[in-house]
Amino acid sequence: MKAEEILNEALRVVRAGGTILYPTDTVWGLGCDATHAEAVRRIFEIKQREDSKSLVLLASDLDMVARYVKEIPSIAIDLVEVNDAPMTIIYPGAVCSETGDKWHLAANVVAGDGSVGIRIPLMEWCRQLVFKLGRPIVSTSANVSGEPTPQRFSEIPQEIKDAVDFVVPPSVDTASTGRASQILKLGLRGEIEIIRK
């Protein structure tokens, strides 16, 4: 399959409420439509992870982020503009609902305090996928909860590969670093908490 065909197939699966295994600018991830509560539930099931834990999302740009959080702290704009490495920002006040719809995040992607972690990927393939979907996608490491995070496609457990609806071929993996992103938690008054450097 050509890169565009792979992108279109991943998009078709995600739009239909399915799950994918795909490369990101950090590590290989499990993904789905972040507004689709049942698809998100499947991600937790595949990872064998408690659904009380929040998930990181990918957005194509700050305009998309703005549709799914009540307010973007001004410092976030500066951070995104100068960012040259994978960076996840935890925003306060996610816009969500229990059932989810394209205008609200599914409640099961949001942390107990109402915050949500969102990254604008540096990898063009990921940005295109999210942009074409028109809403955020889940991006959580492709491992069973508590097990080591795979650094390469070859390290992903077969049970994970078998559990998703579509596996993006490793040939698309042109920019995954194999390292997790930096995580910053922002407050509305300019507070910054470094969760992971």
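Our subject in this report is the structure included herewith. (Residues numbered from 1 in each chain as written. Predicted model: local features only at pLDDT ≥ 70, side-chain atom pairs only at ≥ 80, totals over all residues. Heavy atoms only, no water.)

1. Brief notes about the pattern of salt bridges
Here is step 1 of the chain: Overall, the coordinates contain nine salt bridges when judged by the stated rule.
Here is step 2 of the chain: A salt bridge links Glu9 to Arg12, with the nearest nitrogen and oxygen atoms 2.7 Å apart. Here Glu9 pairs with Arg12, and both are found in helix α1 (residues 3-15), just three residues apart, close to one helical turn.
Here is step 3 of the chain: What makes Glu9 partly exposed here is its relative accessible area of 23%.
Here is step 4 of the chain: Residue Arg119 is joined to Asp25 by a salt bridge in which the shortest nitrogen-to-oxygen separation is 3.0 Å. Of this pair, Arg119 sits in strand β7 (residues 116-119) while Asp25 sits in the loop between β1 (20-23) and β2 (28-31), and the two are 94 residues apart along the sequence. With respect to burial, Arg119 and Asp25 carry one shared label: buried. (Salt bridge = Lys/Arg side-chain N within 4 Å of Asp/Glu carboxyl O. Helix = DSSP H or I, 4+ residues; strand = E, 2+ residues; numbered from the N terminus. Buried < 20%, exposed > 50% of the residue type's maximum accessible area, 1.4 Å probe, protein only.)

2. With respect to empty space enclosed by the protein
Here is step 1 of the chain: Taken as a whole and judged by the stated rule, the model has one cavity of 30 Å³ or more.
Here is step 2 of the chain: If you go around the largest cavity, the residues you meet are Val65, Val80, Asn83, Met87, Ile89, Tyr91, Ile118 and Ile120.
Here is step 3 of the chain: At three residues, the largest contribution of residues to the lining of the largest cavity is made by strand β4 (residues 87-91).
Here is step 4 of the chain: Counted by class, the lining of the largest cavity contains seven nonpolar, one polar and no charged residues. (1 Å grid on protein atoms, 1.4 Å probe; cavity = no way out; pocket = protein on both sides within 12 Å on 5 of 7 lines; lining within 4 Å. Points joined across faces, edges and corners; volume = space filled by probe spheres on them. Nonpolar A, V, L, I, M, F, W, Y, C, P; charged D, E, K, R; others polar.)

3. Some remarks on the nonpolar core
Here is step 1 of the chain: Core analysis: the largest hydrophobic core is formed by 59 residues, its most contacted members being Trp125 and Val138.
Here is step 2 of the chain: Leaving out residues up to four positions away in the same chain, Val138 has contacts with Tyr22, Leu30, Gly31, Cys32, Ala34, Val40, Ile43, Leu55, Val56, Leu57 and Val109. (Core = buried A, V, L, I, M, F, W, Y, C linked by side-chain atoms within 4.5 Å. Contact = heavy atoms within 4.5 Å.)

4. Observations regarding the layout of surface pockets
Here is step 1 of the chain: A volume near 540 Å³ is recorded for the largest pocket.
Here is step 2 of the chain: Every residue lining the largest pocket is counted, 26 residues in all, and those nearest its centre are Leu55, Val56, Ser139, Ile183 and Arg196.
Here is step 3 of the chain: Residue assignment for the lining of the largest pocket shows that the elements contributing at least two residues are β2, β4, β7, β9 (140-141), β11 (182-186) and β12 (192-196).
Here is step 4 of the chain: Broken down by element, the lining of the largest pocket gets its largest block of residues, three residues, from β7.
Here is step 5 of the chain: In the lining of the largest pocket, the residues fall into ten nonpolar, twelve polar and four charged.

5. Digging into the side chain of Arg135
Here is step 1 of the chain: Tracing the backbone shows Arg135 in the loop between α5 (124-133) and β8 (137-138).
Here is step 2 of the chain: Of the residues examined, Arg135 reaches a relative accessible area of 16% and is grouped as buried.
Here is step 3 of the chain: Polar side-chain contacts of Arg135 include one of 2.9 Å to the side chain of Asp33.
Here is step 4 of the chain: A polar atom in the side chain of Arg135 sits 3.4 Å from the backbone oxygen of Leu133.
Here is step 5 of the chain: Leave out the neighbours within four places in its chain, and Arg135 touches Asp33, Thr35, Met64, Tyr68, Lys102 and Val130. (Polar contact = N/O pair within 3.5 Å; in protein donor to acceptor, adjacent residues only side chain to side chain.)

By themselves, these observations are geometric and do not establish any function.
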